[in-house]
Every structure is written in C-alpha cells, then in structure tokens.
Amino acid sequence: MAKREFKLFLSWIPIVIAFLPVGIMTLVGFVSFGCIDIHMVMFEIASIVLSSVALLFIKESFDAEARRRHVLAQQLELLNRARYQLFEKHRYLLSCYFATQFDYTAFDSIDKLEMFNSSLLDSPCCNHDLLQKSPEVLDDYIVYLDWLSKEIEQLAPVDWGSGALDRDLFRMAKDEIGSLRRLELDDGKYRLETAAEHLICLSRYDLQILASLRRPWRYQNDINRKALIEKFVFDHGVRVSRS
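Within any chain, residue numbers begin from 1 and follow the written order of that chain's sequence. For this predicted model, a pLDDT threshold of at least 70 governs which residues receive local features, and a threshold of 80 or more governs which side-chain atom pairs are given and counted, while totals over whole chains, interfaces and linings are taken from all residues. To get the side-chain values, all heavy atoms of the structure are used, and hydrogens and water are removed first.

## Focus on the pattern of salt bridges
Keep this limit in mind: Whenever a carboxyl oxygen of Asp or Glu lies within 4 Å of a side-chain nitrogen of Lys or Arg, that contact is scored as a salt bridge. Going along the chain from the N terminus, every DSSP run of H or I of four or more residues is numbered as a helix, and every run of E of two or more is numbered as a strand. Note on classification: 1.4 Å probe, protein chains only; a residue is buried when its accessible area is under 20% of the maximum for its type, exposed when over 50%, partly exposed between these limits.
Scanning all chains against the criterion turns up 11 salt bridges. Across the salt bridge formed by arginine 83 and aspartate 108, the nearest N and O atoms sit 2.5 Å from each other. On the criterion of sequence distance, the pair formed by arginine 83 in helix α2 (residues 41-95) and aspartate 108 in the loop between α2 and α3 (110-118) is long-range, its members being 25 residues apart. Residue aspartate 108 is classed as partly exposed on the basis of its relative accessible area, which comes to 33%. Residues arginine 91 and glutamate 88 are paired through a salt bridge, measuring 2.9 Å at the closest nitrogen-oxygen approach. With arginine 91 and glutamate 88 both in helix α2 and three residues apart, this pair spans about one turn of that helix. Its relative accessible area of 26% is what places arginine 91 among the partly exposed residues. Through salt bridges that share partners, Arg83, Asp108 and Lys112 make up one connected network.

Below is the structure:
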C-alpha cells in the first residue's frame, strides 16, 4: 500500500508545480494592494498547499483505495469462475484424447500441473467415439477464451497487464487449440504424442491466465512470509522427530 501511495504522491507533483505560480501571483497581488504583509507570503503559500492540495491528495488516496477494493472483489469472483470453467474445459478436452481424469488441484501451482502432465503419456488413449467429439469441444474452448478475454479487458483487473505476456496468453492458448484442430483424426501413437504436447502447452497457458488474475494475492512479501512459515514448521518438525 505504501508503494501505491508514493506513486499517487508523485502523480500530484505536476499539479502542485502548476498550481504554485498561480498562487504566488495571487499573493503578490494581495501584497501590492496591502491586503497582507510580504512576510506572510511564504506562510500563506504553505498554508494553501497544506490545506488544499494535501486534503485533495488524501481524498484521492481514499477514493483510489475504494475503487481498488471494488475491482478486487469483482476480480476474485471472476478468478474463481475462470478457474472452474478452465478446469471443466480442459478436463473435457483431455477426456477426448486420454482416459484420465484431470485433477482440479492441478491449477493450484505449476509444480502440481507439471506433475500431472508428466504422467499424461502413460495414460491409455480414449475410445474413438469420444475422439470424434473433440472438434466441437475445441470450438467451445475458443468461445470461452474469447469471452474471458473480453471480461478481463472490460474489468481492467488490479495488476493485470503488468506481466509481459498477459495479453498474449489468450492468443497462444488458441494457437494450441488450432494445432489440435489440424491433427488427423486417426488414433496413431504419433498423433497422441503430438496431441499430448499441445494439451500440456494449453494447460500451462490456462494456468498463466489464472496466475495473471491472482497476482494481487501473490505479492513477494506474502510468498516470502509463507516460505518462512514453512521453513519454521519443517525445522520444528525435524527437532520434534529427533527428540
């Protein structure tokens, strides 16, 4: 929060600079007409800045925080919906190629996702009837990604867009879906290996989309604090086990 307040303060510096000459000229006019003493000019300038500019800055700060909390509430709701929908889309698409169940916790972290993806090729292939449904499942996947992209652009989530690839993730995900569409509909081994590669890449892009939405809740201080707690628990547990 202190960093946001500092950035807001910096944004007010040009306003203060533009305001001071007008204030000074006004005070000089008062001095020339004998309304105030020249020794009071600096005091009046400081009084104007503190009483007017400072109060406006405080109000703007409160308004900005209120807007941020409002967007964060909507962002959290969108994140939860997106996580469920992307899980369902990916689970259903995966079932068109492999007889395996996509784990809901796979989108918790990259480690859990990679653990699931590493075992994908060891899974048996699905039956041909499910495989024939893949084109309509892929189309539905693209429709949802387009909808989610528009929702994000309309909401303008907090800290979204600060990542270099935030705006490219949807295009890259749809490229993987397009590659799946171009695969031949035979169930040969080469095709399944290639499909697995595209499915794995698609799952990674899905996870990155979710990560871009959950960024405000994953600040470095929070991550460091969690790491310290985990280290304490681990060390404490080791000591207990040795005693």
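## Side note on the packing of aromatic side chains
One pair of aromatic rings is described through two measures. These are the centre distance and the angle between the planes. Applicable threshold: When two rings of Phe, Tyr or Trp (its six-membered ring) have centres within 6.5 Å they constitute a pair, described as stacked for plane angles under 30 degrees, edge-to-face for angles over 60, and tilted for the intermediate range. Over a ring means this: the NZ of a Lys or the CZ of an Arg is within 6 Å of the ring centre and within 35 degrees of the ring normal.
Following the criterion strictly, the structure yields five aromatic pairs and no others. Measuring from centroid to centroid gives 5.8 Å for phenylalanine 87 and phenylalanine 102, while their planes differ by 25 degrees, and the two rings are stacked. On the criterion of sequence distance, the pair formed by phenylalanine 87 in helix α2 and phenylalanine 102 in the loop between α2 and α3 is long-range, its members being 15 residues apart. Looking at phenylalanine 87, the relative accessible area reads 9%, which means it is buried. Here phenylalanine 102 falls in the buried class, since its relative accessible area comes to 4%. Against the face of tyrosine 104 rests arginine 83, its NZ or CZ located 4.5 Å from the ring centre.

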